[in-house]
Amino acid sequence: MKQFNRNTLIILSLGIILILTIIVSFWIGRYPIYTNELLGILFSKLIPIEPFWTEKIETVLFNVRLPRIALACLVGCCLSAAGAAYQGVFQNPMAAPDILGASAGAAFGAALAILHYGSSFMITISAFGFSLLTVALVYLISKKAKGKNILALILSGIMISSLFSAGTSFIKLIADPSDQLPAITYWLMGSLNGAKISEVTFVLIPMALGLIPLLLLRWRMNVLTMGDDEARTMGVNSNQIRLIVIICATLVTAASVSVSGMIGWVGLVIPHLTRKLVGNNFNHLMPATMLFGAIFLLLVDDVSRNLFTTEIPLGILTAFIGAPFFIYLITRTEEIY
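Residues numbered from 1 in each chain as written. Predicted model: local features only at pLDDT ≥ 70, side-chain atom pairs only at ≥ 80, totals over all residues. Heavy atoms only, no water.

A. Just the overall build of the chain, in detail. Each helix and strand counted, the chain has 14 helices and 0 strands in total. For the chain, the sequential pattern of α-helices and β-strands runs α-α-α-α-α-α-α-α-α-α-α-α-α-α. Here the C-alpha radius of gyration of the chain, 21 Å, is about what a compact globule of 337 residues would show, namely 20 Å. Overall size of the chain, expressed as C-alpha extent along the three principal axes, is 65 × 60 × 40 Å. (Helix = DSSP H or I, 4+ residues; strand = E, 2+ residues; numbered from the N terminus. Rg over C-alpha atoms; globule rule 2.2 N^0.38 Å.)

Okay, structure coming up:
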């Protein structure tokens, strides 16, 4: 009971920290939006309020700051949840959201859209579609393979990822070096620059369809970590639950990568850090990981857009944090999972 109360308090604390981080994120930037202005603008859409803010501030709020903060929270939450889910399902501490090729497929789809269309909406649609297609191919190939299903799934993911990465490299080779190639390269580095409300509404449904089942199935994910035989004795269909978890984790990964580009390490690092706070029990680990991931990526995005006059791609910043942590994981002497 004491541990339960402690973990509940940690989850509540993470929720409060997330709210405070969101408020501070509105403050910082070239055009700061303070809390009274933020509340006034939002409530003015519901009840008549005499404006005490400028029209520029309202434009910045709805066209720049709000969609970017919302996407940072959503993407961080989804990538962290997917990482925790994959690590639990595959019983692999190094599992990350791109383990089944979702990121490689999204990169190919985005590069293809930049090559032929160029509009941000088509880039998002193409990245999302090819991400799901990649994972579907991985799953179909793994079903045809002989041997252990989990191992076949991981190996299929590695092979298909390599194939789509080669396709992305070919597109970069034939892309216009003055326009298309820089756009593809920048997308691959990951960024939330230019985030739009339309992108938030597009990814909100697939993210919800993936995150809600992951939350509802978190106690069954605990059973999966005990092994298939133990799961059967407890009346849990391990294969069915594993498939549902993989589908949900893949869905949120595809939705995230389609709007943010390639942001690595979040799904690997955050679940491990969260385990230090609440332990391995998915009843507490999953919600805590979601909140922690949202806080982390929002803070990284704040640094990205405010540290220098030129925005730093998120993939670069997360790699600076993730790579040293990865080295720490593989060199420590005690058990890492």
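B. Quick look at helix H13 (residues 282-306). For H13, which comprises 25 residues, the first-to-last C-alpha distance of 35 Å matches the rise-based estimate of 36 Å (1.5 Å per residue) to within 8%. Counting buried residues in H13 gives 20 out of 25 residues, a clear majority hidden from the surface. Two to three positions downstream of the cap, the backbone nitrogen of Asn283 sits 2.9 Å from a side-chain oxygen, assigning the N-cap of H13 to Asn281. (Expected span 1.5 Å × (residues − 1). Buried < 20%, exposed > 50% of the residue type's maximum accessible area, 1.4 Å probe, protein only. Polar contact = N/O pair within 3.5 Å; in protein donor to acceptor, adjacent residues only side chain to side chain.)

C. Highlighting the pattern of salt bridges. Per the stated rule, a full pass over the model turns up 5 salt bridges. Note that Glu311 and Arg68 form a salt bridge whose closest N and O atoms lie 2.7 Å from each other. Taken as a pair, Glu311 in the loop between H13 and helix H14 (314-331) and Arg68 in helix H3 (residues 55-90) lie far apart in primary sequence, 243 residues in all. Judged by its relative accessible area of 19%, Glu311 falls in the buried class. The class of Arg68 is buried, set by a relative accessible area of 9%. (Salt bridge = Lys/Arg side-chain N within 4 Å of Asp/Glu carboxyl O.)

D. Spotlight on the packing of helix H8 (residues 197-216) against H13. Relative orientation of the contacting elements H8 and H13 amounts to 145°, with a least axis distance of 8 Å. Packed against H8, whose contacting residues are Leu211, Leu214 and Leu215, the element H13 presents Met286, Pro287 and Met290 at the interface. (Axes fitted to C-alpha atoms, helices over the stretch in contact; angles between N-to-C directions. Contact = heavy atoms within 4.5 Å.)

E. Layout of unusual backbone geometry. One non-glycine residue with positive phi stands out, namely Gln91, at about 50°. Along the chain, the position of Gln91 falls in the loop between H3 and helix H4 (102-116). A residue is classified by how much of its surface remains accessible, and Gln91, at 37% relative accessible area, is partly exposed. Of note, Trp265 is a non-glycine position whose phi angle comes to about 75°, a positive value.

F. Region of the structure containing the side chain of His284. As for its placement among the helices and strands, His284 is situated in helix H13. In terms of polar contacts, His284 uses its side chain to reach the side chain of Asn7, at 3.2 Å.

G. Geometry of a nonpolar patch on the surface. There is a patch of nonpolar side chains on the surface, built from Leu133, Leu137, Ile141, Leu151, Leu155, Ile158 and Met159 and spanning about 620 Å² of accessible area. Elements represented by at least two residues in the nonpolar patch include exactly helix H5 (120-144) and helix H6 (149-174). Here the nonpolar patch takes 4 residues from H6, the largest share from any one element. Residue classification places Met159 among the exposed residues on the basis of a relative accessible area of 52%. (Patch = residues over 30% accessible without salt bridge, like charges linked within 9 Å, V, L, I, M, F, W, Y side chains within 5 Å. Areas by Shrake-Rupley, 256 points an atom, 1.4 Å probe, with all protein chains shown as cover.)

H. Representation of the state of the cysteines. Tallied over the entire structure, the rule returns 0 disulfides. No disulfide involves Cys78; its sulfur sits 5.2 Å from that of Cys77, the nearest cysteine. Residue Cys78 is classed as buried on the basis of its relative accessible area, which comes to 0%. You can see Cys248 has no disulfide; the closest cysteine sulfur is in Cys78, sitting 11 Å from it. (Disulfide = S-S within 2.5 Å.)

I. Molecular detail of the environment of Ile41. Topologically, Ile41 is positioned in helix H2 (residues 35-44). On the basis of relative accessibility, which here comes to 0%, the residue Ile41 falls in the buried class. Counting along the chain gives 246 residues from Ile41 to Pro287, while the straight-line C-alpha distance between them is 30 Å. With near-sequence residues (within four places) excluded, Ile41 lies in contact with Trp53, Ile57, Glu58, Leu61 and Phe62.

J. Fine view of the environment of Gln87. With respect to the helices and strands, the residue Gln87 is situated in helix H3. Gln87 gets classed as buried once you look at its relative accessible area, which sits at 0%. On a C-alpha basis, the gap between Gln87 and Pro271 in space is 8.6 Å, while along the polypeptide they are 184 residues apart. In terms of polar contacts, Gln87 uses its side chain to reach the side chain of Arg275, at 2.9 Å.

K. Structural context of the packing of H5 against H6. It is the contact of H5 with H6, at a shortest axis distance of 8 Å, that shows an interaxial angle of 135°. The orientation of H5 relative to H6 falls into the category oblique. When you trace H5 past H6, the crossing you get is right-handed. Between H5 and H6, the contacting residues are Phe130, Thr134, Leu137, Val138, Tyr139, Ile141 and Ser142 on the first element and Ala152, Leu153, Ser156, Gly157, Ile160 and Phe164 on the second. Along the lines of polarity and charge, the residues of the contact of H5 with H6 split into 9 nonpolar, 4 polar and no charged. (Parallel < 35°, antiparallel > 145°, perpendicular 65-115°, else oblique. Left-handed = near helix turned anticlockwise from the far one by under 90°. Nonpolar A, V, L, I, M, F, W, Y, C, P; charged D, E, K, R; others polar.)

L. Representation of the packing of aromatic side chains within the structure. Under the counting rule described, the total for this entry stands at 6 aromatic pairs. Summarising the aromatic geometry, the rings of Phe52 and Trp53 are spaced 4.9 Å apart at their centres and angled 80° between planes, so their arrangement reads as edge-to-face. According to the relative accessible area criterion, Trp53 is buried, its value standing at 10%. Considering the side-chain rings of Tyr86 and Phe90, the 5.8 Å spacing of their centres and the 15° angle between planes classify their relative orientation as stacked. With Tyr86 and Phe90 both in helix H3 and 4 residues apart, this pair spans about one turn of that helix. Its relative accessible area of 7% is what places Phe90 among the buried residues. Linked through ring pairs, Phe108, Phe130 and Phe164 together constitute an aromatic cluster. (Phe/Tyr/Trp six-rings, centres within 6.5 Å; stacked < 30°, edge-to-face > 60°.)

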